[in-house]
Amino acid sequence: EGGIVGRHTGDGVAAFFVVESSGSESRAARACISAARGIQDSMLQIAERQNLPAADVTMRAGLHWGSTLHIGSIITLGRTEVTALGDAVNEAARIEACAMGGRMLASKGLIERLDDADAGLLGLDPSGIVYTQLADLQTATEKARRDAPAIPVCDIAEIVP
C-alpha cells in the first residue's frame, strides 16, 4: 500500500505511511488501514491453505496517527533498517499490545484523517464509529493504562467493507 516497512522486532513489524509519499493525510490513513486489512486477509488464506482454524493464525494491529515522527535509517554491517521515534510510535505500540485475538485497533486520530471518499472506499462511516478509551478495554495492558489510557480506539476488524 506504499508504506515504508520499518524495523522487525521478534515476529512484529512496523510500517509508516507518509503523507508526502501518499499525497494527503486521508490517502495515508486509507493506505494504513488497507495494508492492515490485506495482512489480515492473508492470515485467513494461510489458515485455509494449512487446514487450520482461523483463530489459530491471527495477527494484531495497532493503527495510529502521528504528525511529528522522526524517521531514519539504522545501518549496521550488512543490514539497513528504518525506524521512527516519537510519542506516536510509543502510543501505537500500546494500542497494538491491546489488540489481542486478531483485533485491529485504530485510533480516532487516524480515522479522523479520512475524507468522505476514502472512508467510503474502506466501508467506514466515521460519524457512526463508537470509540473506547484504551484503558477501558478488557485487553488493556498495564503499560497502556499507564502511558496512553485516554486514546480513543475502535476495532476496524469488526467493520467489514
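Note: the structure precedes this text.
The notes below deal with the structure included here. Values in this document were obtained by computation on a predicted structure and should not be read as measured data.

### Some words on the overall build of the chain
Inference 1: What the chain contains, in helices and strands, is six helices and eight strands.
Inference 2: Along the chain, from the amino end to the carboxyl end, the secondary structure elements read β-β-α-α-β-β-β-α-β-α-α-β-α-β.
Inference 3: In terms of C-alpha radius of gyration, the chain reaches 16 Å, essentially the compact-globule figure of 15 Å for 161 residues.
Inference 4: For the C-alpha atoms alone, the extent of the chain along its principal axes is close to 45 × 40 × 35 Å.
Inference 5: Here the chain, with 161 residues, has 35% of them falling under the buried criterion.
Inference 6: Of the contacts formed within the chain by residues at least 6 apart in sequence, a portion of 60% connects residues at least 24 apart.
Inference 7: Carbon and sulfur atoms make up 50% of the accessible area of the chain, which amounts to about 9500 Å² in all.
Inference 8: Between the mean site of the 14 positive side-chain charges and the mean site of the 21 negative ones, the chain shows a separation of 5 Å.

### Considering the pattern of salt bridges
Inference 1: On inspection of all chains with the given rule, the structure shows seven salt bridges.
Inference 2: Across the pair aspartate 118 and arginine 30 runs a salt bridge whose closest N-O atoms are separated by 2.4 Å. Here arginine 30 lies in helix α2 (residues 25-49) and aspartate 118 lies in helix α5 (residues 116-122), a separation of 88 residues in the sequence.
Inference 3: Relative accessible area serves as the criterion here: at 5%, aspartate 118 is assigned to the buried category.
Inference 4: Accessibility expressed as a relative area gives 26% for arginine 30, which makes it partly exposed.
Inference 5: Each of Arg94, Arg146 and Asp147 takes part in a single network of salt bridges with overlapping partners.

### Some details on helix α3 (residues 87-97)
Inference 1: The set of residues buried in α3 consists of Ala88, Ala92, Arg94, Ile95 and Ala97.
Inference 2: Those residues of α3 that are buried are in contact with β3 (61-63), β6 (104-107), α6 (142-147) and β8 (152-155).

### Focus: the sheet that holds strand β7 (residues 132-133)
Inference 1: Ordered in space as β3-β6-β8-β7, the four strands form an open sheet in which the pairing is mixed. Every other strand in the sheet has two partners, leaving β3 and β7 as the edge strands with one partner each.
Inference 2: Sheet topology places β3 next to β6; three bridges connect them, and they run parallel. Within β6, the residue paired with alanine 61 across the bridge is methionine 104.
Inference 3: Contacting β3, β6 and β8, α3 runs over the sheet at an angle of about 140° to β3.

### Here we look at the side chain of glutamine 40
Inference 1: Looking at the element boundaries, glutamine 40 is found in helix α2.
Inference 2: At a separation of 3.3 Å, a polar atom in the side chain of glutamine 40 contacts the main-chain carbonyl oxygen of glycine 102.
Inference 3: Residues contacting glutamine 40, with those up to four places away along its chain left out, are Met59, Gly102, Met104 and Ala157.

Reading the values: rules and limits
Residues numbered from 1 in each chain as written. Predicted model: local features only at pLDDT ≥ 70, side-chain atom pairs only at ≥ 80, totals over all residues. Heavy atoms only, no water. Helix = DSSP H or I, 4+ residues; strand = E, 2+ residues; numbered from the N terminus. Rg over C-alpha atoms; globule rule 2.2 N^0.38 Å. Buried < 20%, exposed > 50% of the residue type's maximum accessible area, 1.4 Å probe, protein only. Contact = heavy atoms within 4.5 Å. Areas by Shrake-Rupley, 256 points an atom, 1.4 Å probe, with all protein chains shown as cover. Lys, Arg positive; Asp, Glu negative; His and termini not counted. Charge placed at Lys NZ, Arg CZ, Asp CG, Glu CD. Salt bridge = Lys/Arg side-chain N within 4 Å of Asp/Glu carboxyl O. Pairing = 2+ DSSP bridges. Axes fitted to C-alpha atoms, helices over the stretch in contact; angles between N-to-C directions. Polar contact = N/O pair within 3.5 Å; in protein donor to acceptor, adjacent residues only side chain to side chain.

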